[in-house]
Amino acid sequence: MKKVNNLTLLKEFYPFMKGTSLRLKLFSLLKTRNERPHWFNNQIRFNSFFPPYPSQSFDRIVDIIKNQKRLPHTIDFAVTSRCPYHCPHCSYGKRKVKDLDTNEILKLIKEIKDLGTAILGITGGEPMTRPDLERIISACSPELSTILYTTGFNFSKKRAKELYDANIGSIFIGIDSVDTKIQDVVRGKNGSLELGIKALEICHETGIYTGINTIATRERINNGELERIYDFACSLGVGELSLIFPIATGQWAGCTNNQLKEKELELLKSIRKCLNWKRSGPIVTTLAEYESEDFMGCITGYQTLFIDSSGEVCPCDFTPLSFGNIKDTPLKGIWKEMEVYFSRPRADCLMREISHMINSDFFPLPPSDSKKMIPKLDKESPYPKIYRYTKKLTNK
């Protein structure tokens, strides 16, 4: 990966910073120091939280964040409930085994585009089980930057070429351990690590941007597994390593002890920062950093959404609370109704706050129950820094 020099960054992104407060400019420069922007296929990549630049999707997300628009710049969509693996940490656990058909999905993608969304995360279940996946991804261009989250199952050179031709933005492979036996135990299927490695190699040959995501459990933080996965990612030449902190949801619903304590979250941020200061290797990201009060906070239901395979609309992929189904109400209508409960960003992760109240044999909870779960924010509740530093707030 060829790193983008500071002069190029200033030249390319100065137009986006015009008209913003001095505090936001300084804040952006400070945060960029902990990133490693680089070139890939003539585009600048920061990380998976931002689309590549230049692109229509990048323009969309900057407009939403800069002007504090209540729009879902990122939507994660489970295109299927089917999956050959049996991961104990699966955030999709306990949901309906029911999928939208191709025409329903294509209609939904149009609605997502019309909302002004910039990034569409395509997840499941295992998305590669859908034979129409390439058609779905192709329908997202050019407004949406797409991220495919997969285990590497059912991957081949032929499908990789079809995904490339469909203009896939990036592909992230889930890896839990560099030890084959441990990976297979977690996934509940033999050969899972080899399939993931093969998928990454095929993507590189095809010219698709890649990443690895892993759950940053307490054990993996303390035993050095995250650093080993980072070295593993370096050896495979991936572009990003995403460290996801555990949430008591899905298969882990009710298991609040699995969630990291504040000191452990700070340690995770520290690991991420140390790895990002290396001169080479993948970008390292974690929601522990981005969803903190010191950065973007929790924008669930405010600038992010999750839609499951049956059409249920939830605030984010870790929050199993439904606010309606796209089969009954247009997506725009559901989004507008959610404003009562998500009128602004939160300083910290919503699910870390309410997960102890959510435990069920079936997800998501129906709207009547879901609406009761959302704690109200008073006027004294802090805004995340990036929103405190935007023009709209500083002019108040």
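In the block above lies the structure referred to throughout.
K.L.:
Help me out: how do you make sense of the packing of helix H6 (residues 157-165) against helix H8 (residues 192-206) in this one?
P.N.:
The description of two packed helices rests on the angle between their axes and on the distance between the axes. For the pair H6 and H8, the least separation of the axes is 9 Å and the interaxial angle reads 50°. By the angle between their axes, H6 is oblique relative to H8. Crossing geometry of H6 relative to H8 is assigned as right-handed. Note on element contacts: H8 touches H6 through Ile202, Glu205 and Thr206, opposite Lys157, Ala160, Lys161 and Tyr164. Broken down by class, the residue content of the contact of H6 with H8 amounts to three nonpolar, one polar and three charged.

K.L.:
Would you take a moment to explain the pairing of strand E5 (residues 119-123) for this structure?
P.N.:
On a regular strand, each side chain points to the face opposite its neighbour's, so the side chains alternate between the two faces of the sheet. Summarising burial for E5: five of the five residues are buried, a large majority. Alternating residues of E5 divide into Ile119, Gly121 and Thr123 and Leu120 and Ile122, and every residue in both groups is buried. Inspection of the sheet shows strand E4 (residues 74-78) paired to E5 by five bridges, in the parallel sense. Considered in E5, the bridge of isoleucine 75 is made with leucine 120. Here four bridges tie E5 to strand E6 (residues 145-150), and the two strands are oriented parallel to one another. Paired with leucine 120 across the bridge in E6 is threonine 146. Handedness of the β-α-β unit built from E5, helix H5 (residues 133-138) and E6 comes out right-handed.

K.L.:
Can you help me understand the nonpolar core in this one?
P.N.:
A general feature of soluble globular proteins is that nonpolar side chains tend to end up buried together. Ranked by internal contacts, the top residues of the largest apolar core, which has 81 residues, are Phe155, Leu163, Ile171, Ile212, Leu268 and Leu331. Contact partners of leucine 331, with chain neighbours within four places excluded, come to Ile75, Leu108, Glu111, Ile112, Leu115, Leu305, Ile307, Val313 and Ile326.

K.L.:
Just to check I follow, could you spell out helix H2 (residues 22-32) for this structure?
P.N.:
When we look at burial in H2, the residues that qualify are Leu24, Phe27 and Lys31. For H2, the buried positions fall inside an angular range of 60° around the axis, keeping them on one side. In H2, the exposed residues that point more than 90 degrees away from the buried face are Leu22 and Leu26. On its buried face, H2 sits against helix H1 (6-17), helix H12 (287-290) and helix H16 (385-388).

K.L.:
Whenever I open this one, the pairing of strand E8 (residues 210-215) confuses me. Can you help?
P.N.:
In terms of burial, E8 is largely enclosed, as six of its six residues are buried. Direction of pairing for strand E7 (residues 170-174) relative to E8: parallel, over a ladder of four bridges. Counted as the bridge partner of isoleucine 171 is threonine 210 from E8. The pairing of E8 with strand E9 (residues 240-244) spans five bridges and is parallel. Residue pairing in the sheet places asparagine 213 in a bridge with serine 242 of E9.

K.L.:
Explain the sheet that holds E9 to me, please; I cannot follow it from the model alone.
P.N.:
Within a sheet, each strand pairs with its neighbour through backbone hydrogen bonds, oriented either parallel or antiparallel. One open sheet accounts for nine strands, arranged E10-E9-E8-E7-E6-E5-E4-E11-E12; its pairing is mixed. Where the open sheet ends on each side, the last strands, each with one partner, are strand E10 (283-286) and strand E12 (313-314). Running over the sheet, helix H4 (residues 102-115) touches E4, E5 and strand E11 (304-307) and is turned about 170° from E4.

K.L.:
Is there a simple way to think about the side chain of serine 292 in this case?
P.N.:
Take serine 292: it is sitting in the loop between H12 and E11. Setting aside residues up to four positions removed in sequence, serine 292 forms contacts with Lys269, Leu287, Gly297, Ala347 and Pro384.

K.L.:
How do you make sense of the packing of aromatic side chains when you look at a structure like this?
P.N.:
Each aromatic ring pair is specified by the distance between its two centres and by the angle formed by the two planes. Tallied over the full model, the rule gives 18 aromatic pairs. Note on phenylalanine 27 and phenylalanine 295: the rings are 5.8 Å apart at their centroids and 80° apart in plane angle, and the pair reads as edge-to-face. Here the residue phenylalanine 27 occupies a position in helix H2, and phenylalanine 295 occupies one in the loop between H12 and E11, the gap between them amounting to 268 residues. Judged by relative accessible area, which is 6%, phenylalanine 295 ranks as buried. Ring centres 5.6 Å apart and planes at 55° place the aromatic pair phenylalanine 323 and tyrosine 341 in the tilted group. Remark: tyrosine 341 occurs in the loop between helix H13 (331-338) and helix H14 (350-354) and phenylalanine 323 occurs in the loop between E12 and H13; sequence separation between them is 18 residues. Overall, phenylalanine 323 belongs to the buried group, its relative accessible area being 5%. Following the ring pairs from residue to residue traces out a cluster consisting of Phe13, Phe16, Phe46, Tyr53 and Phe58. Above the face of the tyrosine 209 ring, arginine 45 is positioned so that its terminal group lies 4.3 Å from the ring centre. Above the ring of tyrosine 383, the side-chain terminus of arginine 344 is found at 4.0 Å from the ring centroid.

Analysis parameters
- Residues numbered from 1 in each chain as written.
- Predicted model: local features only at pLDDT ≥ 70, side-chain atom pairs only at ≥ 80, totals over all residues.
- Heavy atoms only, no water.
- Axes fitted to C-alpha atoms, helices over the stretch in contact; angles between N-to-C directions.
- Helix = DSSP H or I, 4+ residues; strand = E, 2+ residues; numbered from the N terminus.
- Parallel < 35°, antiparallel > 145°, perpendicular 65-115°, else oblique.
- Left-handed = near helix turned anticlockwise from the far one by under 90°.
- Contact = heavy atoms within 4.5 Å.
- Nonpolar A, V, L, I, M, F, W, Y, C, P; charged D, E, K, R; others polar.
- Buried < 20%, exposed > 50% of the residue type's maximum accessible area, 1.4 Å probe, protein only.
- Pairing = 2+ DSSP bridges.
- Right-handed = clockwise from strand over helix to strand, strands pointing away.
- Core = buried A, V, L, I, M, F, W, Y, C linked by side-chain atoms within 4.5 Å.
- Arc of directions from axis to C-beta.
- Phe/Tyr/Trp six-rings, centres within 6.5 Å; stacked < 30°, edge-to-face > 60°.
- Lys NZ or Arg CZ within 6 Å of the ring centre and 35° of its normal.

On their own, these measurements won't tell you what the molecule is for.
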